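Coordinates in review
Here is what each chain is made of, one letter per residue.
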Amino acid sequence: MSMKKTYNKDPREVRITRWFWTLVLVPTALVLLIIFLTAAGTFGKLPSFEELENPQNNIATEIYSADGKMIGSFFIQNRSYVNYEDLSPALVAALVSTEDARYYSHSGIDFISLARVGIKTLALGNRDQGGGSTITQQLAKNLFPRDTTTYNSSVARASKLVLAKFKEWITAVKLEYNYTKEEIITMYLNTVFYGSNAYGIKSAAATFFGKEPKDLNIQEAAMLVGVVNAPTRYSPVRNPERAMARRNTVMARMRANKYISKQQLDSLSQTEIELHYTPISHNDGSATYFREMLRTVLNAPKPRKNQYQFEWDYEQELARWESNPLYGWCQKNTKADGTEYNIYRDGLKIYTTIDSRLQRYAEEAIAYQMERTIQPAMDAQYRATRVLFQDIEQEEIDKIMYRAMRYTDRYIALKERGASEAEIDKEFRTRVKTQIFTYKGYVDTLISPRDSILHHKRIMRAAFMAVEPSSGHVKAYVGGPDFRYFKYDMVKQGKRQIGSTIKPFIYTFALDHMGFNPCTMVPNLPVTIETYSGEPWTPKEAGEVVYDGVMHPLRWGLARSRNNYSAWIMKQAKQPEAVADFLHNMGIHSYIYPAYALCLGTAEVSLFELVGAYSTFVNRGVFTEPIFVTRIEDRQGNLLASFSTTSNVAISEQTAHTMLGMLQNVVRAGTAGRLGWQFNMSDVEVGGKTGTSQENRDAWFMGVLPNLVAGTWVGAEDQSVHLASGGEGSVMALPVFGEFMKRVYADQTLNVKREDKFHVPLGATVYDCPDDVEPSVEAVEEDEFFQ
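Here, residues in each chain are numbered from 1, in the same order as that chain's written sequence. Side-chain atom pairs in this predicted model are given and counted only at pLDDT of 80 or more, local residue features only at pLDDT of at least 70, and totals for whole chains, interfaces and linings cover all residues. In computing side-chain properties, one takes all heavy atoms of the structure into account and sets aside hydrogens as well as water.

1. Some remarks on the overall build of the protein
- For the purposes of this entry, the term helix denotes a DSSP run of H or I that reaches at least four residues, the term strand denotes a run of E that reaches at least two, and both are numbered from the N terminus. If you tally the helices and strands in the protein, you get 29 helices and 20 strands.
- Any residue under 20% of the maximum accessible area for its type is buried, any over 50% is exposed, and the rest in between are partly exposed; the area is computed with a 1.4 Å probe on protein chains only. Classification of the 787 residues of the protein by burial places 50% in the buried group.
- Using a 1.4 Å probe, the Shrake-Rupley method yields the accessible areas, and only the shown protein chains count as cover for residues. Accessible surface computed for the protein: about 37,800 Å², of which carbon and sulfur atoms make up 52%.

2. Side note on the nonpolar core
- Grouped together as the largest cluster of nonpolar side chains are 151 residues, with contacts concentrated most on Leu 298, Phe 464, Tyr 477, Phe 505, Phe 628, Met 681 and Phe 740.
- Contact criterion: two residues are considered in contact whenever any of their non-hydrogen atoms come within 4.5 Å of each other. The contact partners of Tyr 477, leaving out residues within four places of it in the chain, are Tyr 289, Phe 290, Met 293, Ile 354, Gln 359, Phe 464, Met 465, Asp 489, Val 491, Lys 492 and Phe 608.
- Here, nonpolar core refers to any group of buried Ala, Val, Leu, Ile, Met, Phe, Trp, Tyr and Cys residues whose side-chain atoms link them within 4.5 Å. Membership of the second largest hydrophobic core comes to 46 residues, among which are Leu 95, Phe 209, Ile 218 and Ala 230.

3. A few points about the sheet that holds strand 15 (residues 629-633)
- Reading across the sheet, the 5 strands line up as 2-1-3-15-16 and stay open at both edges, with mixed pairing between neighbours. On the outer flanks of this sheet lie strand 2 (70-74) and strand 16 (639-642), each paired with one strand and no other. Geometrically, the sheet is characterised by an average inter-axis angle of 20° between neighbouring strands, direction not taken into account.
- A strand pair is defined by DSSP finding two or more bridges across the two strands. Sheet analysis places strand 1 (residues 61-64) next to strand 3 (residues 349-352), joined by 3 bridges and oriented parallel. Helix axes use the C-alpha atoms of the stretch in contact, all axes being lines fitted to C-alpha atoms, and the angles between their N-to-C directions lie in the range 0 to 180 degrees.

4. Things to note about the sheet that holds strand 6 (residues 461-468)
- Strands sit in the order 7-6-20-19-18 across an open sheet of 5 strands; the sheet is antiparallel. Strand pairing shows two members of the sheet lacking a second neighbour, strand 7 (473-478) and strand 18 (687-692), which therefore form its edges. Recorded for the sheet is a direction-independent mean angle of 10° between the axes of neighbouring strands.
- Two strands pair when backbone bridges link them, and strand 18 and strand 19 (residues 698-705) are joined in this way by 6 bridges, in the antiparallel orientation.

5. Some words on the side chain of Lys 457
- Along the chain, Lys 457 turns up in helix 19 (residues 449-457).
- Residue class for Lys 457 comes out buried when judged on its relative accessible area of 5%.
- Apart from residues lying up to four places away in sequence, Lys 457 is in contact with Leu 388, Ile 400, Ala 404, Glu 717, Asp 718 and Val 721.

6. Concerning the pattern of salt bridges
- The salt bridge definition used is simple: a Lys or Arg side-chain nitrogen within 4 Å of an Asp or Glu carboxyl oxygen. The final tally for this structure, using the stated rule, is 29 salt bridges.
- When the shortest N-O distance is used, the salt bridge between Glu 427 and Arg 410 registers 3.8 Å. With a gap of 17 residues between them, Glu 427 in helix 18 (residues 421-428) and Arg 410 in helix 17 (residues 409-416) connect regions that are remote in the sequence.

7. Quick look at unusual backbone geometry
- In this structure, Lys 258 is a non-glycine residue whose phi angle is positive, near 65°.
- Among the secondary structure elements, Lys 258 is positioned in the loop between helix 10 (240-256) and helix 11 (262-268).
- For Ser 561, which is not glycine, the phi dihedral falls at a positive 55°.
- Mapped onto the secondary structure, Ser 561 falls in the loop between helix 21 (554-559) and helix 22 (563-573).

8. A few points about empty space enclosed by the protein
- Whether a set of points on the 1 Å grid over the protein atoms alone is a cavity depends on a 1.4 Å probe fitting there but being unable to get out, while an open set qualifies as a pocket with protein on both sides within 12 Å along at least five of seven lines; lining residues are those with an atom within 4 Å of a point. Grid points are joined across faces, edges and corners, and a volume is the space filled by probe spheres set on the points. For the structure on display, the rule yields 3 cavities of 30 Å³ or more.
- Looking at the largest cavity, its volume works out to about 50 Å³.
- As for the largest cavity, its lining consists of Met 460, Asn 696, Arg 697, Ala 699, Val 714, Gly 715, Ala 716, Val 721, His 722, Leu 723, Gly 727 and Met 732.

9. Quick notes on the packing of helix 3 (residues 89-99) against helix 10
- The geometry of helix 3 relative to helix 10 is characterised by a closest axis approach of 8 Å and an angle of 90° between their N-to-C directions. Here helix 10 runs roughly perpendicular to helix 3, going by the angle between their axes. On helix 10, the residues touching Ala 90, Ala 93, Ala 94, Ser 97, Thr 98 and Glu 99 of helix 3 are Arg 246, Val 250, Arg 253 and Met 254.
- Within the contact of helix 3 with helix 10, the residues separate by chemical class into 5 nonpolar, 2 polar and 3 charged. An angle counts as roughly parallel when it lies under 35 degrees, as roughly antiparallel when it exceeds 145, as roughly perpendicular when it falls between 65 and 115, and as oblique in every other case. When residues are sorted by character, Ala, Val, Leu, Ile, Met, Phe, Trp, Tyr, Cys and Pro go into the nonpolar class, Asp, Glu, Lys and Arg into the charged class, and all the rest, Gly among them, into the polar class.

10. A few points about the state of the cysteines
- Throughout, disulfides are identified as pairs of cysteine sulfur atoms within 2.5 Å of each other. Applying the stated rule across the entire model yields 1 disulfide.
- Covalent S-S linkage joins Cys 519 and Cys 769, the inter-sulfur distance amounting to 2.1 Å. Its S-S torsion of approximately -90° makes the covalent link between Cys 519 and Cys 769 left-handed. Within this pair, whereas Cys 519 is found in the loop between helix 20 (503-513) and strand 9 (521-523), its partner Cys 769 is found in the loop between helix 28 (734-746) and helix 29 (777-781), the two being separated by 250 residues in sequence. Neither residue differs from the other here; Cys 519 and Cys 769 are each classed as buried.

11. Section: the environment of Ala 542
- Looking at the secondary structure, you find Ala 542 in the loop between strand 11 (536-537) and strand 12 (551-553).
- Here the alpha-carbon distance between Ala 542 and Asn 563, two residues 21 residues apart in the chain, equals 8.5 Å.

12. Some thoughts on the packing of aromatic side chains
- Note on aromatic contacts: the rings of Phe and Tyr and the six-membered ring of Trp form a pair at centre separations within 6.5 Å, being stacked when their planes are under 30 degrees apart, edge-to-face when over 60 apart, and tilted otherwise. For the structure shown, the criterion picks out 27 aromatic pairs.
- A centroid spacing of 4.6 Å and a plane angle of 35° characterise the contact between Phe 193 and Tyr 199, whose relative ring orientation is tilted.
- Looking at Phe 193, the relative accessible area reads 32%, which means it is partly exposed.
- Considering the side-chain rings of Phe 290 and Tyr 477, the 5.7 Å spacing of their centres and the 65° angle between planes classify their relative orientation as edge-to-face.

13. Regarding a nonpolar patch on the surface
- Patch definition: residues above 30% relative accessible area lacking any salt bridge, with like charges linked at up to 9 Å and the nonpolar side chains Val, Leu, Ile, Met, Phe, Trp and Tyr linked at up to 5 Å. Taken together, Val 237, Leu 275 and Tyr 277 make up a surface patch of nonpolar side chains, about 210 Å² in accessible area.
- Here Tyr 277 is to be found in the loop between helix 11 and helix 12 (288-298).
- Take Tyr 277: its relative accessible area is 33%, and that puts it in the partly exposed class.

14. Examining the pairing of strand 20 (residues 708-715)
- Counting buried positions along strand 20 gives 8 out of 8 residues, so the element sits mostly inside the fold.
- Because side chains alternate across strand 20, one face comprises the buried residues Leu 708, Ala 710, Thr 712 and Val 714, and the other comprises Val 709, Gly 711, Trp 713 and Gly 715, equally buried.
- The sheet contact formed by strand 6 and strand 20 spans 7 bridges and is antiparallel. Residue pairing across strands places Ala 462 opposite Val 714, the latter belonging to strand 20.
- From the end of strand 19 to the start of strand 20, which pair antiparallel, there are 2 residues.

15. Some words on the environment of Pro 504
- Considering the arrangement of structural elements, one finds Pro 504 in helix 20.
- With relative accessibility at 0%, the residue Pro 504 sits in the buried group.
- Note: C-alpha distance between Pro 504 and Ser 561 (57 residues apart in sequence) is 9.5 Å.
- When residues no more than four places from it in sequence are discounted, the contact partners of Pro 504 are Leu 558, Tyr 614, Phe 617, Met 659, Leu 663 and Lys 689.

16. Examining the confidence of the model for the protein
- The pLDDT value expresses, per residue, how confident the predictor is, ranging between 0 and 100. With 84% of its residues at a pLDDT of at least 70, the protein reaches an overall mean of 87.
- Contacts for the low-pLDDT stretch residues 33-40, under 50 throughout, to residues beyond four places or in other chains number 16 contacts.
- Confidence drops under a pLDDT of 50 for residues 772-787, and excluding neighbours within four residues, the segment shows 58 contacts in the predicted structure.

In structure tokens:
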């Protein structure tokens, strides 16, 4: 009988083996199960491959000038994308050194870092070891944010964190599978927040240093990479010492990873942070009024009849919305998924006709004249009289003030809290610390909200627009003096009585439709017209004008802006309706009441319309609708839409040429003579027309050049606020144009030269009238208003 030897296992060995399987394999299996279930979407949706290819981000729409400058953006988050080639090598080195030293050797998860976190952070309690997240994991978290639900239970919070980490690991591996290392770095730098409303490296480089990302040096790159960790704590604006220390830490890590030398580290660590801090805001920067106008046009809903005072204006705006593809473009066009375009999220690129140089010169010219001449005149009048609102009763003043109060955030907040009108009035009369606008800069002061409103009512406003006449391209657009304080756009949104700037169109009607010419002789006498009501109408002149009965040519009347000569033409025309229709054909779309008095500028018209209409004279009689966008592209540069202007022949080329001669005579021998003797434009081919509405409420000047047509308006927000004297177009508005042209002519890179000449048609008739005299000082200074 054979004997079988048996061995009894040591019970202690058995227990150790069981504990091994329990403590090692079971958790491992559990982790693998959780990862599998997470990947399957059991604990919440993971991004698909399609979503990884097209991550949803709020990408800013960028606005570009015709000369290639980015002049602004529309955004919820000020984010713009760049490619890897557009990054400074120092940026990449700083990022990898600081956030993920083994970036190029792992596939999305750095297990060495995880082990470090597990041992030093969890086991030893050292909280300074970081979270162990790779750049790819951080990108996953930025692109697909964690669940922000708040839980009271610590177990629930821990579970949520663990699941979020698993999701980030899986997403990171997917990202590594779908993208190159360079693409992941680019995506990371494009998505992170740098503070000061800058999302993405392009916005951050522009905001803090005024540079493109590819132009950042080592210390600038290190500062931007360092600030991401805590944008407020390490802000170079709010906390420069902390920012500098953090920057030096980043550079030390670059040295440890051999991206820079010890000598570079020692030298650069001693340098101060040199900022060119220009935070992006809808209220600041270049072309603020233009950008806001562009925003409203792109998002414009279909016009409704109840929005307009006159049915004519409604019909004109409706026709424009239906025929002009730019108006309401976001509402009229949809993306591939069927949703409308969103200028705040879709990262569009809008290419405009604005020239950044001309835009800057226009803004500078307005600021210069407002600070030096226009506002001081209003301030001096107010100090002398202590009267702000002219020629109206206190009851009307109270209404103006109440309307102004109702639109303030303070009034709205008080109303929402249930405050009575008496309590609100008391609040508005109580002094508080606030900031007010002056042309010398913003001023912090102690003032009541009511007095703050009065102060800003006294601030004079100005608007300016310039157009290239041959193309209709808007080259400069300034809707007011400061968009932060004065949102109302007086180029396109606001309409005022245009005074004598209408007169060249009246004379053009006489030439084109009535057979007159500049040398047609007219007696210098009062003109009386019997109106449709049977009442006689006799327009008056500005100042002390002598009616001597002497015969003068028509162009003499235009040069001196004589009301009786314009009225004479209207009397011969006999049909105000025909004149009104003619004005519409010239490019003025606003409603014009067909009365004889329209010849003095009673119609309320926008500066946008007026500049476009004046361009007809330079463009050989062809009216070209002003245009301000040439094309729109998506974020990848694919063309979505292109735009061109519309045009129509308004007058003959001969009539246009003749009118240019008459407008030049206004500068040479009339109310616009200041261009010659003050702004040295006597040797330049330039025409112009001044204009002033009743009581000096609105001052206008329109200037025409061979390659540029520009217009200026100057006035106050309320028409009852105006200068009692000295508020004529030749004194207030013309100098803005003159200052603008001084800057334009000094810039040799522009296509506007002093030597430019107006086009002369083949076989054109040239008129040389007798009775022309050299301008006197009185003729140059005198401007007009109507009564």
